[in-house]
Amino acid sequence: AQTVTQSQPEMSVQEAETVTLSCTYDTSESDYYLFWYKQPPSRQMILVIRQEAYKQQNATENRFSVNFQKAAKSFSLKISDSQLGDAAMYFCAYRSNTNTDKLIFGTGTRLQVFP
Amino acid sequence: GAGVSQSPSNKVTEKGKDVELRCDPISGHTALYWYRQSLGQGLEFLIYFQGNSAPDKSGLPSDRFSAERTGGSVSTLTIQRTQQEDSAVYLCASNFYRTSGPQAQFFGPGTRLTVL
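Since the model is a prediction, treat every value here as computed from it, not as a measurement.

A. Seen up close, the pattern of salt bridges. All names here are of chain B. If you walk through the whole model with that rule in mind, you get 7 salt bridges over all chains. Salt-bridge contacts for Arg22 lead to Asp24; the nearest nitrogen and oxygen are separated by 2.8 Å. Assessed through its relative accessible area of 36%, Arg22 is described here as partly exposed. Measuring nitrogen to oxygen at the nearest pair gives 3.1 Å for the salt bridge that ties Arg36 to Glu44. Under the relative-accessibility criterion, Arg36 is labelled buried at 8%.

The structure is reproduced here in C-alpha cells:
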C-alpha cells in the first residue's frame, strides 16, 4: 500500500521569505500523480500544485514550485515571497494511476507566516 | 452552484443516533469522493463514486457507514448508531473523469460532526 509522510508538523516563515515543506512517499508503482493541497481555517481544501510522475520537469504555479525527486520518492513544496495569506495547513497527496482515483494524504504541515 | 457544497456545516448528535450528511458536487462532475478528517487518523478516503456507482468503497470503516448517489449528482453519507469515534470533519470532493488522466479534486467546506 502507498503511504505519504510529512515529517514537519509545523513550519514558520517571515513574510516575503522562502519556505520549503517536505513530503516523501512510498510506492511500488511507476506511474502516479502527486498533489499539494492547502487548507486554511475555513476548512476548504484548495489545490496548490500537481505533478505527474512521468514528467521530469518540476511543476510551478506562480510563487509555488515543487522539487520532485522520483528516485528518492520526495516531493517538496517551495513557497517563494511568502504572504500572510499562505498561512494554512498544507497536505501532500498521492494518487495512483488506477481506476480508484482516491487521494492518499500525508498528516499535514501547519505553516505560520509572520509579518 | 460554483463550488462543492455540503450540509449541514456542523452537526451535533447523541451517541446511538443516525446522521445524514449531504454533498452537492460541482455541476457536471461525474466523480464524487468522501473523506474523513480526524485528529487521530488524519485525512482518510471513505468512498468514491463514478456516476451513481461506487467502484471503490474500501475506506468505509464499518457497516454503520453507507453512502449513495442519485441522478449522478447529490450524495448522502449515512452513519448509523453513531459512536464518539465518528466525530470528525467529513469532506466531499468532486471532479471530471477523463481518460487522459486524473483531474484535480475540488473540495467542499466539510461537515463537522460531533458525537456526544
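B. Examining the interface of chain A and chain B more closely. Contacts between the two partners involve 17 residues from chain A and, on the opposite side, 24 residues from chain B. When chain A packs against chain B, the two sides together hide about 1800 Å² of surface, and 49% of this comes from carbon and sulfur. In this assembly, chain A and chain B are joined by 0 salt bridges. Our count for the chain A to chain B interface comes out at 7 residue pairs in polar contact (both at pLDDT 80 or more).

C. Examining the pairing of strand β6 (residues 53-56) of chain B more closely. Residue and element names in this part refer to chain B. Here strand β5 (residues 42-50) pairs with β6 via 2 bridges, running antiparallel. Directly across from Tyr48, in β6, lies its bridge partner Asp56. The antiparallel pairing of β5 with β6 creates a hairpin that spans 2 residues between the two strands, and Gly51 there sits at a positive phi of about 65°.

D. Quick peek at the sheet that holds strand β1 (residues 5-7) of chain B. Residue and element names in this part refer to chain B. Spatially, 4 strands are ordered β1-β3-β8-β7 in an open sheet, and the strand pairing comes out antiparallel. Strands with a single pairing partner mark the edges of an open sheet, and in this sheet they are β1 and β7 (65-69). Pairwise comparison of adjacent strand axes, ignoring direction, gives a mean angle of 15° for this sheet. With 5 bridges connecting them, β7 and strand β8 (residues 75-79) associate as antiparallel partners. Paired with Ala67 across the bridge in β8 is Leu77.

E. How the structure looks around the state of the cysteines. Tallied over the entire structure, the rule returns 2 disulfides over all chains. A sulfur-sulfur distance of 2.0 Å marks the disulfide that ties A:Cys23 to A:Cys92. What sets the handedness of the A:Cys23 and A:Cys92 disulfide is the S-S torsion sign, and at about -70° it is left-handed. Taken together, the residues A:Cys23 in the loop between β3 (19-21) and β4 (24-26) and A:Cys92 in strand β10 (residues 88-96) connect sequence positions 69 residues apart. Owing to a relative accessible area of 0%, A:Cys92 belongs among the buried residues under this scheme. Here B:Cys23 engages in a disulfide with B:Cys92; their sulfurs sit 1.8 Å apart.

F. Structural context of the environment of B:Ser5. By secondary structure assignment, the location of B:Ser5 is in strand β1. Considering only alpha carbons, one finds B:Ser5 and B:Phe107, 102 residues apart in sequence, at a separation of 8.5 Å.

Here is what the cut-offs are and how they apply
Residues numbered from 1 in each chain as written. Chains lettered and ligands numbered in written order. Predicted model: local features only at pLDDT ≥ 70, side-chain atom pairs only at ≥ 80, totals over all residues. Heavy atoms only, no water. Salt bridge = Lys/Arg side-chain N within 4 Å of Asp/Glu carboxyl O. Buried < 20%, exposed > 50% of the residue type's maximum accessible area, 1.4 Å probe, protein only. Contact = heavy atoms within 4.5 Å. Buried area = accessible area lost by both parts, 1.4 Å probe. Polar contact = N/O pair within 3.5 Å; in protein donor to acceptor, adjacent residues only side chain to side chain. Pairing = 2+ DSSP bridges. Helix = DSSP H or I, 4+ residues; strand = E, 2+ residues; numbered from the N terminus. Axes fitted to C-alpha atoms, helices over the stretch in contact; angles between N-to-C directions. Disulfide = S-S within 2.5 Å.

The values reported here are purely geometric and, on their own, carry no functional implication.
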